Amino acid sequence: MVVEFPIRNDDKILPFRSDPWWESVVIFQGGNSILNCVKIEGGEPLRGTLRVSGSKNAALALLSGALLVEGEVILHNVPYIQDVATMLTLLERLGVQSAWQGSAVVLQTRELTGSQPPADLVSKMRASFYIFAPLMIRQGHAFMPKPGGCSIGTRPVDYHLNGLQAMGARVVEHTHGYEADLPGELTGARIYFDVPSAGATQHLMAAAVRARGLTTIENAAMEPEVVNLANFLNACGGRVEGAGTSTVVVEGVSKLKSKVEFSVIPDRLEAGTFALAAAATHGDVTLERVMPEHLHSLFAKMREAGVIVEEAEDSVRIKSARRYKAVDIHTMPYPGFPTDLQQPMSAFLALAEGTSFIRETIYERRAQHVSELQKMGAEMMVEGRTIIIRGVETLRGASVNATDLRGGAALIIAALAAQGCSEIHHMEHVDRGYSRLEENLQSLGARIQRLSTSAVTQPLNSDYAPSGL
Ligand code: EPU
């Protein structure tokens, strides 16, 4: 299903980065960011209505896929986040011009001037790897530095590379990156993943659109972001079927349209984070512009814990009734419980009565936030890949460090629900994926403020040790 959101007609086209807010985000790009801490006075129930932003992970895949189009791509509902800034800068370095029009991004992709994106940008995020195939298809050759991303466990790219090779690309691994050559054109192939990979499904699906013949991807990821990209590729003139199921079939085409306009789906992970923050603070929040069907696993577990979740067509209301009870979670590929929401969920469960178990099955190191939550009085521990949480009645404010994007989101939820004041450092992780976080939370009544590091004390215990998960 293609979701179209209205364009705000009052928005004029802004040259990239001329928005004052955007300027402040760009500051975070440097290693010496000066605005990397928020202060939260907790204990205030969140109340009100909030519009959810476009999906980070969908937007990054669409921005990469846009490289296949030789002309103009307009993407609506693009989130204002650091990862998008990084991706746009990366595309700019390859010759793509971009401009913001409200929450839309207009990309001029006719001429590409490079085939090697800068390593410093690629190393900032995992999704940069998705441009490898489009770049090789456009330029006949590409060199891709090794990708970065949150430090949450091993994140290999073997499915991506094997798939491209199966389609006829010559790929060589070097110490600092991967080199790909395309002798002739890509040809369709049968591809199978041992475990469903969202990134590899998206990357290879985009490549297959320009391969000769049929490509079948089996045990494909079924995430909504995969479906969003498939719909985009079809809007470009591609022929992709089966996205959203475990078998995706792509019939290659020799040419794509030169002008495409498309919308990014709402961010189910941002919506899930706000839903958990609303519940943890015993508030009453309506989230608008969401697709509730993308969050059924989360809502099922929130209801099991005692939260009132009222779903409408494109909104959801979160209300609390009483103290919540413990629930057990297994992270699974979509439509299972998303790994990206287990950390925020753990902050919510820190206050639920009884003992909860969260079993992380996707990544082996996605519990680095646990030691930080412990500083706020949470009683939780990590055993292998399981987080064991014994709910407490109250959390207390503390000075803590965000160690990764969703771990940072978990700390924000805990700080909003805690008694007293918290400082959350290393907000650069959180800024990668949450758009206008303070503004959004303030609109729901949260007492949150961005502080410059020079104005606050450093974390009392800055030698946070990653836990064993
Ligand atoms: N995997 C391989 N080989 C590969 C690719 C993946 O073994 O070549 C394995 C991974 O090691 C992992 C599993 O497959 O165990 C799933 O990884 P996947 O490829 O699906 O993850 P990803 O595409 O790198 C995306 C999101 C992540 C999200 C995961 C799982 C983007 C940019 N990132 O990552 O989002 O956790 O899917 O749903 O789309 C986040 O937003 O915080 C985030 C980390």
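For the structure itself, look to the data block above.
Residues numbered from 1 in each chain as written. Predicted model: local features only at pLDDT ≥ 70, side-chain atom pairs only at ≥ 80, totals over all residues. Heavy atoms only, no water.

### Considering the overall build of the protein chain
Helix and strand counts for the protein chain stand at 15 helices and 24 strands. For the protein chain, with 469 residues in total, the buried portion stands at 59%. Taking the contacts inside the protein chain whose residues are at least 6 apart along the sequence as the reference set, 75% of them involve residues at least 24 apart. (Helix = DSSP H or I, 4+ residues; strand = E, 2+ residues; numbered from the N terminus. Buried < 20%, exposed > 50% of the residue type's maximum accessible area, 1.4 Å probe, protein only. Contact = heavy atoms within 4.5 Å.)

### Focus: the site of the ligand
In the vicinity of the ligand lie 26 residues, with Arg126, Asp158, Ser197, Ala198 and Asp340 positioned nearest. Contact between the ligand and Gly199: an oxygen atom at 2.7 Å from a main-chain N or O atom of the residue. Relative to its unbound accessible area of 820 Å², the ligand is 90% covered by the protein chains. Of all the secondary-structure elements, those providing two or more residues to the shell around the ligand are α2 (56-65), α6 (158-166), α7 (198-208), α11 (339-349) and α13 (405-417). For the shell around the ligand, the element with the highest residue contribution is α6, accounting for three residues. A breakdown of the residues in the shell around the ligand according to their chemical character gives 12 nonpolar, six polar and eight charged. (Near = heavy atom within 4 Å. Polar contact = N/O pair within 3.5 Å; in protein donor to acceptor, adjacent residues only side chain to side chain. Areas by Shrake-Rupley, 256 points an atom, 1.4 Å probe, with all protein chains shown as cover. Nonpolar A, V, L, I, M, F, W, Y, C, P; charged D, E, K, R; others polar.)

### A short note on the pattern of salt bridges
In total, this model carries 21 salt bridges according to the counting rule given. With a closest N to O distance of 3.8 Å, Glu70 and Arg138 form a salt bridge. Remark: Arg138 occurs in helix α5 (residues 132-139) and Glu70 occurs in the loop between α2 and β4 (72-76); sequence separation between them is 68 residues. Taking the relative accessible area as the measure of exposure, Glu70 reaches 41% and is therefore partly exposed. The salt bridge partner of Arg212 is Glu185, with a shortest N-O separation of 2.6 Å. (Salt bridge = Lys/Arg side-chain N within 4 Å of Asp/Glu carboxyl O.)

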